[in-house]
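# Observations on chain architecture
Here are the chains, one letter per residue:
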Number of protein chains: 2
Amino acid sequence: MNTLPNEHIVKSYDDEQHRLVAEIVRMGETAVAQLEAALDVVERRDDNAAHRIIANDEAIDTLEHAISHDVMRLALRGPMARDLREILAGLRIPADIERIGDYAANVAKRSIALNAVPPLPQTVGLRALGRLAADQVRDALYAYRDNDGEAAVRVRDADARLDAQYTAFFRELLTYMMEDPRNITPCTHLLFMAKNLERIGDHATNIAENVWFLIHGEQPLPPREKRDDTSTTVTP
Amino acid sequence: MNTLPNEHIVKSYDDEQHRLVAEIVRMGETAVAQLEAALDVVERRDDNAAHRIIANDEAIDTLEHAISHDVMRLALRGPMARDLREILAGLRIPADIERIGDYAANVAKRSIALNAVPPLPQTVGLRALGRLAADQVRDALYAYRDNDGEAAVRVRDADARLDAQYTAFFRELLTYMMEDPRNITPCTHLLFMAKNLERIGDHATNIAENVWFLIHGEQPLPPREKRDDTSTTVTP
């Protein structure tokens, strides 16, 4: 039997919705912390810390499942005409955060392979790329927390900077690989690590687009300039 | 105002649920078709066909958004005690399919870069890897369509074969890159294309795990053996 909504239920629905947004933002901050820890272990060449980051990723995956259940449970007991957008954003944003956590863990995992060879000067460039990606994720989370569509558009637009930096770094790595075949295997790891960071930026953009959707519905954002052209690069 | 469920509404709920599952399977088949077309253009070195595949990807993205809306709309008008699992699977599986479509489009995009250099013998290995990935996706979709938990476990287990083949191909590419620096840039594209195919396999596994979850709830699958060890490879 359905229960007709009364003021008490509606109020606790809103409370629960606020609690969930806060929990999603906390989940996102955990993923950013994982990313920053992964960037650190690349520098410190610390296998043990890398293994800890890899192990921590499961907690984010578990959180994503728990949150999607809670969002759906809340959706099903809410008023029937409740806006779908809040619910869909509450399901999609944690899925993006979960992927960000995966990419951070993969950066940590590949750092272990790099620790088996002499230090590479390019880890500095990787770190700069990673900091930019972490900033993007953090700004996207705050746009979500503050329900701020303008901030979301700024995050989406700033992704072009990350893409441009990724493209430059990608070319630098290719040049370095051509100079000495011994650089090829470690630089391949750096290529994938850089790609992970670029993908983290894409997920920050997804979060920002969901914040926009939450506020403005299907009204489109201005067309986005895409700067990652490494998929069509034929010479470094 | 809520309307109490009556037999007519419950029946049309089930009809709509079946329609949505069929639509999700169709969406998945479109992604598989994109993947197979992408593998073809790598062989045929056809830039125009590659551009068509890239353009088609938007249709899959649009479909994912439309389906997630329909699933949520259905969820909100269904009986309150309705199992969450059906709804969550109906949201998560299209998200995985959408990612598979993205990876297929990226394979097509990178094939354009490869067309600018002489043909590489390694495209044969890429194609074999891609066929395996397409089979995995197709089998996962049929497990979903048929509500078949055993088939889902088989898909999940078969991913180890794809991972092993990816690892072997990855090493082959590294060796080829070391033989001649001119191979480095095109092989980098092949590395990322192969990684895309390996990731498609992971998404097929996600679909299979959601089919299991749909049938058995939180009851865990047997632990999975993970064979992709390229993240920790230091020598080819």
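Summarised in this report is the structure supplied together with it.

Cut-offs applied
- Residues numbered from 1 in each chain as written.
- Chains lettered and ligands numbered in written order.
- Predicted model: local features only at pLDDT ≥ 70, side-chain atom pairs only at ≥ 80, totals over all residues.
- Heavy atoms only, no water.
- Helix = DSSP H or I, 4+ residues; strand = E, 2+ residues; numbered from the N terminus.
- Buried < 20%, exposed > 50% of the residue type's maximum accessible area, 1.4 Å probe, protein only.
- Contact = heavy atoms within 4.5 Å.
- Areas by Shrake-Rupley, 256 points an atom, 1.4 Å probe, with all protein chains shown as cover.
- Expected span 1.5 Å × (residues − 1).
- Axes fitted to C-alpha atoms, helices over the stretch in contact; angles between N-to-C directions.
- Parallel < 35°, antiparallel > 145°, perpendicular 65-115°, else oblique.
- Left-handed = near helix turned anticlockwise from the far one by under 90°.
- Nonpolar A, V, L, I, M, F, W, Y, C, P; charged D, E, K, R; others polar.
- Salt bridge = Lys/Arg side-chain N within 4 Å of Asp/Glu carboxyl O.

### Digging into the overall build of chain A
On a plain count of helices and strands, chain A comes out with six helices and zero strands. Residues counted as buried form 56% of the 236 residues belonging to chain A. Excluding contacts between residues fewer than 6 apart, the proportion of contacts in chain A whose partners are at least 24 apart in sequence is 86%. Just so you have it, chain A exposes about 9900 Å², and 53% of that area is on carbon and sulfur atoms.

### A closer look at helix α6 (residues 184–216) of chain A
Residue and element names in this part refer to chain A. Taking 1.5 Å per residue, 33 residues should reach 48 Å; α6 reaches 47 Å between its end C-alpha atoms and fits that length. A large share of α6 lies buried, amounting to 29 of its 33 residues. Backbone geometry just after α6 places G217 at a positive phi near 65 degrees.

### Some thoughts on the packing of helix α4 (residues 123–145) of chain B against helix α6 (residues 184–216) of chain B
Residues and elements named next belong to chain B. For the pair α4 and α6, interaxial distance at closest approach is 9 Å and the crossing angle is 15 degrees. With respect to α6, the element α4 is oriented roughly parallel. The element α4 and its partner α6 pack so that their crossing is left-handed. Counting all contacts with α4, which are made through T123, L126, L129, G130, A133, Q136, V137, A140, A143 and Y144, the residues of α6 involved are L190, M193, A194, L197, I200, A204, I207, A208, V211 and L214. The class makeup of the residues in the contact of α4 with α6 is 17 nonpolar, three polar and no charged.

### A word on the pattern of salt bridges
A full pass over the atoms with the stated rule returns 28 salt bridges over all chains. Of the charged contacts in the structure, one is a salt bridge between B:R182 and B:D180, with a shortest N-O distance of 2.7 Å. Of the residues examined, B:R182 reaches a relative accessible area of 68% and is grouped as exposed. Between B:E198 and B:K195 there is a salt bridge whose closest N-O contact spans 3.1 Å. With B:E198 and B:K195 both in helix α6, this residue pair falls three residues apart, about one helical turn. Each member of the salt-bridge network shares a partner with another, and the members are A:E16, A:R19, A:E23, A:D70 and A:R73.

### Concerning unusual backbone geometry
In this model, A:N147 sits at a positive phi of 55 degrees, which is unusual for a non-glycine residue. Tracing the backbone shows A:N147 in the loop between α4 (123–145) and α5 (149–179). Judged by its relative accessible area of 48%, A:N147 is partly exposed. Not every positive phi belongs to a glycine, and B:R45 is a case in point at roughly 55 degrees. Topologically, B:R45 is positioned in the loop between α1 (7–44) and α2 (47–77).

### A few points about the environment of A:E36
All names here are of chain A. Mapped onto the secondary structure, E36 falls in helix α1 (residues 7–44). The exposure class assigned to E36 is partly exposed, which follows from its relative accessible area of 35%. The spatial distance from the C-alpha of E36 to the C-alpha of R127 is 9.1 Å, given a sequence separation of 91 residues. Residues contacting E36, with those up to four places away along its chain left out, are A134 and R138.

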